[in-house]
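Residues per chain are reported as follows:
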Amino acid sequence: QENILLRRRLLQAEDAASPVRQARADSQVENMTKLLGLKNRQLEGSFRALEQSHKELEQAHHRTIRYYVNTVLTVARFYEAHDPYFGGHAQAVASCAVPVAQAMGWKEERLDPLRTAAYLIFFGNIGVPYRVLHQEGPLTEAQWKIVRTHPRVARQIIEPIGPLTEAVVWIAQHHERPDGKGYPEGLSGDGIAPAARILHAAEAYVAMRSTRPYRGPLPAGRILEEMRAGSGTQFDPKVVEAWEAWW
């Protein structure tokens, strides 16, 4: 009888303590929820700070790239300004290459590197003697060997500039041909970067329409005929097709 009575009292005590335990548990849960909320807000603040720092670093990186590119472009313009035949040609190549690339479906973010490369393709001419560049009449085979080195010279000059890595490849390949008869590496087909194929056609167009020591500019109709005739051999057919669409 005493044991039964004792059990009842214990059960009653447990029942009485149960609300207290529940209240304590609820309080702990509430405190934990508040703590987690606080930590979450702190993490969100840290994330926003990191995100802002990343944006600032990215902006600084882009500013640095623009500084390098603008410096190199200034040197390119200086070189052009001192050459009576090549002055303004880089601008002309860029003015052709960019709309042709647009006709081929290139997006805006790809056009700036292409434009930059167009301004720099004449850098290699620094390695070609002035008398060879401006010789009146056909070049000798020995002179042609010198001329064919200018894409490599351009690459050597520009390659150390990190932000221009992509443009360096295009500049180095801008005299390669689909049929493998270009220079300096004799690349062919898909081995040539699409941008280099555009630059090759753009430079050829500018050269044909310009006055040279040995001839005057070619008529527009004749230039188009030359480009059509070279489609698939000298020029990428897709580039020629886009050229006609832009023309």
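Treat the numbers as computed from the prediction; the structure is a model and nothing was measured. (Residues numbered from 1 in each chain as written. Predicted model: local features only at pLDDT ≥ 70, side-chain atom pairs only at ≥ 80, totals over all residues. Heavy atoms only, no water.)

Colleague: Quick question: what am I supposed to make of the overall build of the protein here?
Modeller: A count of helices and strands for the protein gives 10 helices and zero strands. When the helices and strands of the protein are read in sequence order from the N terminus, they spell out α-α-α-α-α-α-α-α-α-α. Per-residue burial for the protein yields a buried fraction of 34% across its 247 residues. Here the analysis covers contacts within the protein between residues at least 6 apart in sequence; of these, 62% occur between residues at least 24 apart. (Helix = DSSP H or I, 4+ residues; strand = E, 2+ residues; numbered from the N terminus. Buried < 20%, exposed > 50% of the residue type's maximum accessible area, 1.4 Å probe, protein only. Contact = heavy atoms within 4.5 Å.)

Colleague: Explain the environment of F122 to me, please; I cannot follow it from the model alone.
Modeller: In this fold, F122 is placed in the loop between α3 (108-120) and α4 (130-133). Taking the C-alpha atoms as reference, F122 lies 9.8 Å from E203; in sequence the two are 81 residues apart.

Colleague: What am I meant to see in the nonpolar core here?
Modeller: Counting 48 residues, the largest nonpolar core has L114, L199 and W243 as its most contacted members. At the level of elements, α1 (2-81), α2 (89-103), α3, α6 (150-158), α7 (165-173), α8 (194-209), α9 (220-229) and α10 (237-246) are the ones that each hand at least two residues to this core. In terms of residue count, the dominant contributor to this core is α8 (10 residues). Ignoring any residue separated from it by four or fewer positions in sequence, one finds W243 in contact with C96, V100, A201, A202, Y205 and M227. Ranked by size, the runner-up nonpolar core spans five residues in total, among them V128, V132, L133 and V147. (Core = buried A, V, L, I, M, F, W, Y, C linked by side-chain atoms within 4.5 Å.)

Colleague: Would you take a moment to explain the packing of aromatic side chains for this structure?
Modeller: The description of an aromatic ring pair rests on the distance of the ring centres and on the angle between the ring planes. Considering all chains together, one arrives at three aromatic pairs under this definition. When the ring of W243 is compared with that of W246, the centres are 5.5 Å apart and the planes differ by 90°; the resulting orientation is edge-to-face. Of the two residues, W243 and W246 both sit in helix α10, three residues apart, roughly one turn of that helix. By way of ring pairs, the aromatic residues Y205, W243 and W246 are connected into one cluster. If you follow R110 out to its NZ or CZ, it ends over the ring of W106, 3.8 Å from the centre. (Phe/Tyr/Trp six-rings, centres within 6.5 Å; stacked < 30°, edge-to-face > 60°. Lys NZ or Arg CZ within 6 Å of the ring centre and 35° of its normal.)

Colleague: How should the packing of α2 against α3 be read in this particular structure?
Modeller: Each pair of packed helices can be described by the angle between their axes along with the distance between the axes. For the pair α2 and α3, interaxial distance at closest approach is 8 Å and the crossing angle is 155°. By the criterion of interaxial angle, the relationship of α2 to α3 is roughly antiparallel. For the crossing formed where α2 meets α3, the hand is right-handed. Seen from α2, the contacting residues are A90, Q91, V93, A94, A97, V98, A101 and Q102; seen from α3, they are E108, L111, L114, R115, A118 and Y119. Among the residues forming the contact of α2 with α3, the class breakdown is 10 nonpolar, two polar and two charged. (Axes fitted to C-alpha atoms, helices over the stretch in contact; angles between N-to-C directions. Parallel < 35°, antiparallel > 145°, perpendicular 65-115°, else oblique. Left-handed = near helix turned anticlockwise from the far one by under 90°. Nonpolar A, V, L, I, M, F, W, Y, C, P; charged D, E, K, R; others polar.)

Colleague: Got a minute to help me understand the packing of α3 against α8 in this structure?
Modeller: Relative orientation of the contacting elements α3 and α8 amounts to 45°, with a least axis distance of 11 Å. Taken together, α3 and α8 sit at an angle that is classed as oblique. Taken as a pair, α3 and α8 cross one another with a handedness that is right-handed. Where α3 approaches α8, its residues L114, A117 and A118 are matched on the opposing element by A195, I198 and L199. Split into classes, the residues belonging to the contact of α3 with α8 amount to six nonpolar, no polar and no charged.

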